Amino acid sequence: MSAVVIERDSLTEEAAPVSRRAVAIWAITAAFGLAIIGLIIDAPLAQAQNHPDFASAIYKAFSFVCHQIPERSFHLAGHQFAVCSRCTGLYAGFAAAALVYPLTRSLKSTETPPRFWLILAAVPLAVDFALTYFSIWQNTHFSRFSTGALLGSVAVFFIIPGLMELSYTIPRRLAGKSPKP
């Protein structure tokens, strides 16, 4: 009997096992997306359950990234979400796409799609905004949410590979080695 020795670098991408680091990055990214959605929904629930300090802290934190205009926000239990409907869509799309990412792309790959797809995903959001801004058309909760969700879900396919690449590059640079080609 002869033993076959296979060097790790000689394995093809398909045959190489998914690293724990890649799974951890994916899991942390998906958990982060879900946590953000949880906070967005927790704010009105906390307000309704007489926890104004907790709700106020959430609203304040999100006020740095969203205008929080009540007429442009979903409401739950008589109180508005922590962000507007477009931002809710961005975060919901991000969380949903992050969850299904391993079903659509390999966690071993750090390749991103062409930037064209990210720009294309932003076009409906820009059109929705512009038509309302110039008083040509009045957008709705649905149009704001869906255009935000589209952009948020496409962004995941750029963010996760970027985080994977960083997780391999930074430790190598700190150790004084050149990044892998």
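See the structure shown above.
The text that follows walks through the structure, step by step, so that each part is easy to find.

Rules and cut-offs
Residues numbered from 1 in each chain as written. Predicted model: local features only at pLDDT ≥ 70, side-chain atom pairs only at ≥ 80, totals over all residues. Heavy atoms only, no water. Helix = DSSP H or I, 4+ residues; strand = E, 2+ residues; numbered from the N terminus. Contact = heavy atoms within 4.5 Å. Salt bridge = Lys/Arg side-chain N within 4 Å of Asp/Glu carboxyl O. Buried < 20%, exposed > 50% of the residue type's maximum accessible area, 1.4 Å probe, protein only. Arc of directions from axis to C-beta. Expected span 1.5 Å × (residues − 1). Bend = angle between axes of the 7 residues up to and from the residue. Core = buried A, V, L, I, M, F, W, Y, C linked by side-chain atoms within 4.5 Å. Axes fitted to C-alpha atoms, helices over the stretch in contact; angles between N-to-C directions. Parallel < 35°, antiparallel > 145°, perpendicular 65-115°, else oblique. Left-handed = near helix turned anticlockwise from the far one by under 90°. Nonpolar A, V, L, I, M, F, W, Y, C, P; charged D, E, K, R; others polar.

So, about the environment of R21. Topologically, R21 is positioned in helix α1 (residues 20-48). What R21 contacts, discounting residues up to four positions off in sequence, is S167, Y168 and P171.

Under the criterion given, the structure shown has 1 salt bridge. D128 serves as the salt-bridge partner of R86, at 2.4 Å between the closest nitrogen and oxygen. On the criterion of sequence distance, the pair formed by R86 in helix α3 (residues 85-104) and D128 in helix α4 (residues 115-133) is long-range, its members being 42 residues apart. Neither residue differs from the other here; R86 and D128 are each classed as buried.

Bringing helix α2 (residues 52-62) into the picture now. Among all positions of α2, only A55, I58, Y59 and F62 are buried. Around the axis of α2, the buried residues are gathered within 95° of arc, so they sit on the same side. Residues of α2 that are exposed and point more than 90 degrees away from the buried face comprise D53 and K60.

Within the secondary structure, G38 sits in helix α1. Accessibility expressed as a relative area gives 26% for G38, which makes it partly exposed. Taking the C-alpha atoms as reference points, G38 and A92, 54 residues apart in sequence, are found 10.0 Å from one another.

Our focus in this paragraph is α1. Over its 29 residues, α1 extends 41 Å from the first C-alpha to the last, a length consistent with the 42 Å expected when each residue adds 1.5 Å. D42 marks the point of greatest bend in α1, at about 30°, and the proline P44 comes within the next four residues. Restricting attention to buried positions, one finds in α1 the residues A22, I25, T29, A30, G33, I36, I37, I40, A43, P44 and A46. Where α1 is buried, its residues touch α2, β1 (75-76), β2 (79-80), α3 and α5 (141-174). Taken from the residues just after α1, N50 is the one with a positive phi, measuring 65°.

Our next topic: the nonpolar core. As a rule of thumb, nonpolar side chains are buried together in soluble globular proteins. Grouped together as the largest cluster of nonpolar side chains are 16 residues, with contacts concentrated most on I40, F62, A82 and V83. Elements with a minimum of two residues in this core: α1, α2 and α3. For this core, the leading source of residues is α1, giving 5 residues. Formed by 12 residues, the second largest nonpolar core is a distinct cluster that contains A97, A98, V156 and I160.

Their axes nearest at 9 Å, the elements α1 and α3 cross at an angle of 150°. Our classification of the angle between α1 and α3 gives roughly antiparallel. Between α1 and α3 the crossing geometry is left-handed. Residues W26, T29, A30, G33, L34, I36, I37 and I40 of α1 lie in contact with α3, whose contacting residues are T88, Y91, A92, F94, A95, A98, L99, Y101 and P102. Looking at the contact of α1 with α3, its residues break down into 14 nonpolar, 3 polar and no charged.

The contact between α3 and α5 brings their axes to 6 Å, and the two run at 40°. Classified by the angle their axes make, α3 and α5 are oblique. Our pair here, α3 against α5, has a crossing hand that is right-handed.

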